Amino acid sequence: MPELPEVETIKRELDKIIVGKKITDIIVNNAKVIREPKKEKFIKELKNVTIKKIIRKGKLLIFELSSGKALTIHLKMTGQLIYPRQGGASPGRATRVSFKLSNGKLLDFNDTRLFGELRVVDHWQNLKFIKELGPEPFDLIIDEFKEILKNRRTKVKVLIMDQKVISGIGNLYANEALFRAKIDPGRPANTLSDKERELLFKEIKLVLRQAIKYGGSSVDDYVRVSGKKGNYTKFHQVYDRKGEDCFKCKGKIQRISLAGRGTYFCSKCQK
Ligand SMILES: [Zn+2]
């Protein structure tokens, strides 16, 4: 599933490509991804409006429109935004909704599993899951991060993935940040020393920044707007490496399940 670095990568690419362009037509091949309003109204709301600005909040993309409304896109498991498709070229098998732009090219929303969510809303700030989002790591200072961990007995990995507590860290980057900080993912958050909390905060921000720099990680269906893969995958230390050698100590990477999510770590390096 795309996480903060992947969605931020898409946001930055779209900034250069579609801001200032008008949507001249909307082609719906499968209306299941349109969550609100109904298909006909969704099309009507978007036709002949200009995309003024793109914002990312957590994993949500928000297109602010000249009409004052917003188109919000949540990629969920397998959503992709692909540009450009030339007018006249056939859509892909997984293309659910296409936006024809004023330059005649199309922006496709592809989604194999149909979990993606497209909405046109008056005030995106009022969406329930937006209101519930905790602050992003980049918006926190170290003391605030320490406070979050201090009194909670929740396992540290589960806690840093809780979007209501701190937003933007998903399973992949939680695994990677904990390895880099040498912390066992199953430890209760309140058992981390002051030094460990500082190191974890630093590594979370570092891993997210590096992942953005390399265009995110292409695991599962994630690709960049151009259709190219994100290059951060080659820097993964533990994620999806069960049974392989730890790059640091040559021990074996283990996989356990924490709160239902695949958790990869090195028991020699992480204490
Ligand atoms: Zn190791």
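Higher on the page you've got the structure.
Counting restarts for each chain, with residues numbered from 1 along the sequence as it is written. At least 70 in pLDDT is required for a residue's local features to be given in this predicted model, at least 80 for side-chain atom pairs to be given and counted, and no such filter applies to totals for whole chains, interfaces and linings, which use all residues. Side-chain numbers here rest on the full set of heavy atoms in the structure, without hydrogens or water.

## Some details on the sheet that holds strand β7 (residues 95-101)
Stage number 1. Taken together, the nine strands give an open sheet; going across it, the order is β2-β9-β5-β4-β3-β1-β7-β8-β6, and neighbouring strands pair in mixed fashion. Each of the sheet's edge strands pairs with one partner strand only, and the pair in question is β2 (34-36) and β6 (79-85). Direction aside, the axes of adjacent strands within the sheet are offset by 30° on average.
Stage number 2. Should DSSP find at least two bridges between two strands, the strands are taken to pair. Going along the chain from the N terminus, every DSSP run of H or I of four or more residues is numbered as a helix, and every run of E of two or more is numbered as a strand. Bridge count between β6 and strand β8 (residues 106-111): five bridges; the pairing is antiparallel. Pairing of L81 across the sheet is with F109, part of β8. Axes here mean lines fitted to C-alpha atoms, for a helix over just the part in contact, with angles spanning 0 to 180 degrees between N-to-C directions.

## Describing the nonpolar core
Stage number 1. Among the buried residues, those of types Ala, Val, Leu, Ile, Met, Phe, Trp, Tyr and Cys that are joined through side-chain atoms within 4.5 Å form a nonpolar core. Per-residue accessibility, obtained with a 1.4 Å probe over protein chains only, is compared with the maximum for each type, and a residue is labelled buried under 20%, exposed over 50%, and partly exposed between these values. Among the nonpolar cores identified, the biggest contains 36 residues, and F145, L149, V156, L200 and I204 are the most heavily contacted of them.
Stage number 2. Of all the secondary structure elements, the ones that give two or more residues to this core are α4 (142-150), α5 (156-160), α6 (171-180) and α7 (194-213).
Stage number 3. Among all residues touching L200, those that are not within four sequence positions of it are F145, L149, V156, I160, A177, L178, A181, I183 and L192.
Stage number 4. If you look at the next biggest cluster of nonpolar residues, it comprises 33 residues, including I34, F99, L101 and F109. The contact rule is simple, with two residues in contact once any of their heavy atoms fall within 4.5 Å.

## Section: the coordination of the zinc ion
Stage number 1. The rule for donors is simple: N, O or S, within 2.8 Å of the metal, or within 3.2 Å if the metal is Na, K or Ca. Water isn't counted, so a site may look like it is missing partners. Ligation of the zinc ion by protein atoms is provided by C246 (SG), C249 (SG), C266 (SG) and C269 (SG), these donors lying 2.2 to 2.4 Å from the ion.
Stage number 2. Square planar and octahedral sites, with four and six donors, are those where opposite donors lie more than 155 degrees apart and all other angles lie between 65 and 115, tetrahedral sites have four donors with every angle between 85 and 135 degrees, and the rest are irregular. Here the zinc ion is ringed by four donor atoms whose angles at the metal span 98 to 115°, and the overall shape comes out tetrahedral.
Stage number 3. Every donor residue of the zinc ion comes from the same chain, spaced as C-x2-C-x16-C-x2-C. Of this pair, C246 sits in the loop between α7 and β10 (254-258) while C266 sits in the segment after β11 (261-265); the two residues are 20 residues apart in sequence, bridging distant segments of the chain.
Stage number 4. According to the relative accessible area criterion, C246 is buried, its value standing at 0%.

## Notes on a nonpolar patch on the surface
Stage number 1. For patches, a residue must show more than 30% relative accessible area and have no salt bridge; joins then use 9 Å for like charges and 5 Å for nonpolar side chains, namely Val, Leu, Ile, Met, Phe, Trp and Tyr. Per-residue accessibility takes into account occlusion by the displayed protein chains alone, with areas from the Shrake-Rupley method and a 1.4 Å probe. Here, a salt bridge means any side-chain nitrogen of Lys or Arg that lies within 4 Å of a carboxyl oxygen of Asp or Glu. Taken together, M1, M77 and F115 make up a surface patch of nonpolar side chains, about 250 Å² in accessible area.
Stage number 2. By secondary structure assignment, the location of F115 is in the loop between β8 and β9 (117-121).

## Digging into the packing of aromatic side chains
Stage number 1. Here a Phe, Tyr or Trp ring, Trp counted by its six-membered ring, pairs with any other such ring whose centre lies within 6.5 Å, and the pair is stacked when the planes are under 30 degrees apart, edge-to-face when over 60, and tilted otherwise. The tally for this structure, following the rule as stated, stands at six aromatic pairs.
Stage number 2. Where Y214 meets F235, the ring centres are 4.5 Å apart and the plane angle is 45°; that geometry is what we call tilted. Taken together, the positions of Y214 in the loop between α7 and β10 and F235 in the loop between α7 and β10 put the pair 21 residues apart, joining distant regions of the chain.
Stage number 3. Assessed through its relative accessible area of 28%, Y214 is described here as partly exposed.

## A word on α4
Stage number 1. Along α4, the residues that are buried comprise F145, K146, I148 and L149. Take α4 and look down its axis: the buried residues cluster within an arc of 155°, on one side only. For this quantity, the arc is that covered by the directions from the helix axis to the C-beta atoms.

## Section: the packing of α4 against α7
Stage number 1. Relative orientation of the contacting elements α4 and α7 amounts to 115°, with a least axis distance of 10 Å. Once α4 is placed against α7, the crossing between them reads as right-handed. In this structure, α4 uses I142, F145, K146, L149 and K150 to contact α7, whose residues at the interface are D194, R197, E198, L200, F201 and I204. Crossing handedness is read from the near helix: turned anticlockwise from the far helix by less than a right angle, it gives a left-handed crossing, and turned clockwise, a right-handed one.

## Section: the pattern of salt bridges
Stage number 1. Counted according to the given criterion, the structure contains 23 salt bridges.
Stage number 2. Here K47 and D25 are joined by a salt bridge, their closest N and O atoms 3.6 Å apart. With a gap of 22 residues between them, K47 in the loop between α2 (39-46) and β3 (49-57) and D25 in strand β1 (residues 22-28) connect regions that are remote in the sequence.
Stage number 3. You can call D25 partly exposed: its relative accessible area is 27%.
Stage number 4. When the shortest N-O distance is used, the salt bridge between K146 and E198 registers 2.8 Å. With K146 in helix α4 and E198 in helix α7, this pair connects stretches of sequence that are 52 residues apart.
Stage number 5. By relative accessible area, K146 is classed as buried at 13%.
Stage number 6. Three or more residues joined by partner-sharing salt bridges are found here, namely R35, E36, K76, E117 and R119.

## Section: unusual backbone geometry
Stage number 1. For the bond running from E36 to P37, omega is -10°, close enough to zero to count as cis.
Stage number 2. Tracing the backbone shows P37 in the loop between β2 and α2.
Stage number 3. Cis geometry is found at the peptide bond from Y83 to P84, where omega equals -5°.
Stage number 4. Along the chain, P84 falls in strand β6.
Stage number 5. Of note, N48 is a non-glycine position whose phi angle comes to about 65°, a positive value.
Stage number 6. By the secondary structure assignment, N48 is in the loop between α2 and β3.

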